[in-house]
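Examining the three-dimensional arrangement
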Amino acid sequence: MNKIKVELPKGFMNVDVSLNNYLTANTNYSSNWDTLRFPLPKPTNKWIIHSYEDNNKTVILIDKNK
């Protein structure tokens, strides 16, 4: 099982993995809206969010087996 640990910048939340294999997150503040988006390595199957650590500052992604 492949695993990736992603540390989010301060203020970012609402994390998701898109169908085209990008991790996205945003700040969720209407007065200071910002979006983070970057490509993930190609998975064997599919990246999913497994868990959060450190008060939701770190996201653990795993390559889900079918």
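Topologically, Asn21 is positioned in the loop between β2 (13–17) and β3 (22–26). Accessibility expressed as a relative area gives 16% for Asn21, which makes it buried. Side-chain polar atoms of Asn21 contact the backbone oxygen of Pro41, separated by 3.1 Å. Once residues within four sequence positions are removed from consideration, Asn21 is found in contact with Pro39, Leu40, Pro41, Lys42, Pro43 and Trp47.

Here the focus is the sheet that holds strand β4 (residues 35–39). With antiparallel pairing, three strands are arranged side by side in an open sheet as β2-β3-β4. Strands at the two margins of the open sheet, each flanked by one partner only, are β2 and β4. The average undirected angle you get between the axes of adjacent strands in this sheet is 10°. In terms of strand pairing, β2 meets β3 through three bridges, oriented antiparallel. Following the sheet pairing, Val17 is matched in β3 by Leu23.

The next point concerns the nonpolar core. Of all hydrophobic cores here, the largest spans 12 residues; its members are Ile4, Val6, Leu8, Phe12, Val15, Val17, Leu23, Ala25, Leu40, Trp47, Val59 and Leu61. Where this core is concerned, the elements lending two or more residues are β1 (3–7), β2, β3 and β6 (58–64). If near-sequence neighbours (up to four positions away) are discounted, Ile4 is found in contact with Leu40, Pro41, Trp47, Val59, Ile60 and Leu61.

Reading guide: rules and limits
Residues numbered from 1 in each chain as written. Predicted model: local features only at pLDDT ≥ 70, side-chain atom pairs only at ≥ 80, totals over all residues. Heavy atoms only, no water. Helix = DSSP H or I, 4+ residues; strand = E, 2+ residues; numbered from the N terminus. Buried < 20%, exposed > 50% of the residue type's maximum accessible area, 1.4 Å probe, protein only. Polar contact = N/O pair within 3.5 Å; in protein donor to acceptor, adjacent residues only side chain to side chain. Contact = heavy atoms within 4.5 Å. Pairing = 2+ DSSP bridges. Axes fitted to C-alpha atoms, helices over the stretch in contact; angles between N-to-C directions. Core = buried A, V, L, I, M, F, W, Y, C linked by side-chain atoms within 4.5 Å.

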